[in-house]
Amino acid sequence: MHLQQLFKMQKSLDTYIQSEKKITNDVFLEKGLALLVELAELANETRCFKFWSEKGPSEKHVILEEYVDSIHFLLSLGIEKNLNDLENWPVHQQHKDESLTMLFIHTQDSINQFLQISTIDNYENVWSWYGAVASKLGFTHEEIIQAYFDKNEKNYERQRSGY
Ligand SMILES: O=c1ccn([C@H]2C[C@H](O)[C@@H](COP(=O)(O)O)O2)c(=O)[nH]1
């Protein structure tokens, strides 16, 4: 998947939000924590770890929206560190063998590593774990892109209506 269009859209949204909210300080760590929270919200909607419950996962569109909330912050973190020239979604085949629960644990770990040491390798590693999560959830690239477009627009509307 080509990421450049998403980076451009994210940059415009971030610029809009930061001017609306008059943000002038570095918000890298706030966005980092936001990504960790979004990952947990995503895991919660899949309910993959809830062995104590009979209730199944949320509807696909709910899980997809949570997923692209993460993608917003992941793009945004790359922009903050000037790592936004990444062209293609990095893939590691071996990640696909893990259970969904293990994938969430690895993804969280990769985010924490990137927040501490913000190299391109660590950044690409987060993308590859998120890619493995998407495959496990059965999301196609087209679905992710469409859901990203929809949520990006919703984020503008929320700013315009005083979120
Ligand atoms: O600088 C920012 C701040 C927020 N968001 C978007 C990403 C998510 O889609 C959404 C999360 O908002 P909450 O629903 O968690 O408040 O906001 C950005 O894209 N850039």
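Everything numeric in this text was worked out from a predicted model, so none of it was measured.

Colleague: How should the packing of aromatic side chains be read in this particular structure?
Modeller: Ring pairs (aromatic) are described by centroid distance and by the angle formed between their planes. In this structure the tally under the stated criterion is 10 aromatic pairs. Taken together, a centroid distance of 4.9 Å and an interplanar angle of 85° make the contact between W89 and W127 edge-to-face. Residue W89 is found in the loop between α3 (60-80) and α4 (100-116), and its partner W127 is found in helix α5 (residues 120-137); the two are separated by 38 residues along the sequence. By relative accessible area, which is 0% here, W127 ends up buried. One aromatic cluster is present, built from ring pairs that chain together F7, F28, W89, F114, Y123 and W127. The residue whose ring lies beneath K81 is F28, and the NZ or CZ to ring-centre distance is 4.3 Å.

Colleague: Would you mind going over the pattern of salt bridges with me for this structure?
Modeller: Close approach of charged atoms lets side chains of opposite charge pair. On inspection of all chains with the given rule, the structure shows seven salt bridges. The salt bridge partner of E80 is K31, with a shortest N-O separation of 2.7 Å. Of the two residues, E80 is situated in helix α3 and K31 in helix α2 (residues 28-46); the sequence distance between them amounts to 49 residues. Judged by its relative accessible area of 9%, K31 is buried. A salt bridge links D69 to K151; its shortest N-O distance comes to 2.8 Å. With D69 in helix α3 and K151 in helix α6 (residues 141-160), the pair connects residues that are 82 residues apart, well separated along the chain. For the pair formed by D69 and K151, the shared burial category is buried. A single salt-bridge network, built from bridges that share partners, covers E65, D69, K151 and K154.

The rules behind the values
Residues numbered from 1 in each chain as written. Predicted model: local features only at pLDDT ≥ 70, side-chain atom pairs only at ≥ 80, totals over all residues. Heavy atoms only, no water. Phe/Tyr/Trp six-rings, centres within 6.5 Å; stacked < 30°, edge-to-face > 60°. Helix = DSSP H or I, 4+ residues; strand = E, 2+ residues; numbered from the N terminus. Buried < 20%, exposed > 50% of the residue type's maximum accessible area, 1.4 Å probe, protein only. Lys NZ or Arg CZ within 6 Å of the ring centre and 35° of its normal. Salt bridge = Lys/Arg side-chain N within 4 Å of Asp/Glu carboxyl O.

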